[in-house]
Amino acid sequence: MKTTMIKPPKLQPGDSVATVSLSWGGPAVFPHRYEAGKRQLEEGFGVHVVEMPHTLRDESWLQDNPQARADDLMQAFANPSVKAIISTIGGDDSIRLLPFLDLNVIRANPKILMGYSDTTVSLLACVKAGVVSFY
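Residues numbered from 1 in each chain as written. Predicted model: local features only at pLDDT ≥ 70, side-chain atom pairs only at ≥ 80, totals over all residues. Heavy atoms only, no water.

**Student:** Any chance you could break down the sheet that holds strand S4 (residues 112–114) for me, citing the residues and the numbers?
**Tutor:** Backbone hydrogen bonds hold the strands of a sheet together, and the pairing may be parallel or antiparallel. Overall, parallel pairing links the 4 strands, which are arranged S2-S1-S3-S4 in an open sheet. Across the chains shown, the open sheet's two edge strands, defined by having one partner strand only, are strand S2 (48–51) and S4. Averaged over neighbouring strand pairs, the angle between their axes works out to 25° when direction is ignored. Two elements, strand S1 (residues 16–20) and strand S3 (residues 82–87), share 5 bridges in a ladder whose sense is parallel. By the bridge assignment for S3, Val 17 is matched with Ala 84. Relative to S2, helix H2 (residues 31–45) is tilted by about 145°, and along the sheet it contacts S1, S2 and S3. (Pairing = 2+ DSSP bridges. Helix = DSSP H or I, 4+ residues; strand = E, 2+ residues; numbered from the N terminus. Axes fitted to C-alpha atoms, helices over the stretch in contact; angles between N-to-C directions. Contact = heavy atoms within 4.5 Å.)

Listed below in structure tokens is the structure:
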């Protein structure tokens, strides 16, 4: 059976983009880098960046709470005002999110998910859900 991949709608100026920390707490460790990236997204692309509840949490807290990281991703997918999701950084721990991801939510709410490195496992979850993602 051939599955058609859903391509999320492209971003428009004024859209909201959620940031998530799926692997580790890079934004808490390097807040100046996170803020520079956020500013560049907002000024360069005209989007509004919103952090999910745990995006800026301490790296050790995020390490201990894979379900909270997955919840951030699922909330971003389920939120109709969020048009894209960007992972803040790679790492080596997002495989622990897989049991908490709901592929039906991802498929029912196709939107851009972009990331690199360790985020690849989340990108592949999108592919499994039938939604195009971006590395």
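**Student:** An account of the nonpolar core is needed here, citing residue identities and associated values.
**Tutor:** Inside soluble globular proteins, nonpolar side chains tend to come together where they are buried. In terms of nonpolar packing, the biggest core is built from 20 residues, with Leu 73, Phe 77, Ile 85, Ile 106 and Leu 113 touching the most fellow members. For this core, the secondary structure elements donating two or more residues are S1, helix H4 (66–78), S3 and helix H6 (120–129). Per element, the largest residue contribution to this core is 5 residues, and it comes from H4. With residues near it in sequence (within four places) discarded, Ile 106 still touches Met 74, Phe 77, Cys 126, Ala 129 and Val 131. Counting 7 residues, the second largest nonpolar core, distinct from the first, contains Val 17, Tyr 34, Ala 84 and Ile 112. (Core = buried A, V, L, I, M, F, W, Y, C linked by side-chain atoms within 4.5 Å. Buried < 20%, exposed > 50% of the residue type's maximum accessible area, 1.4 Å probe, protein only.)

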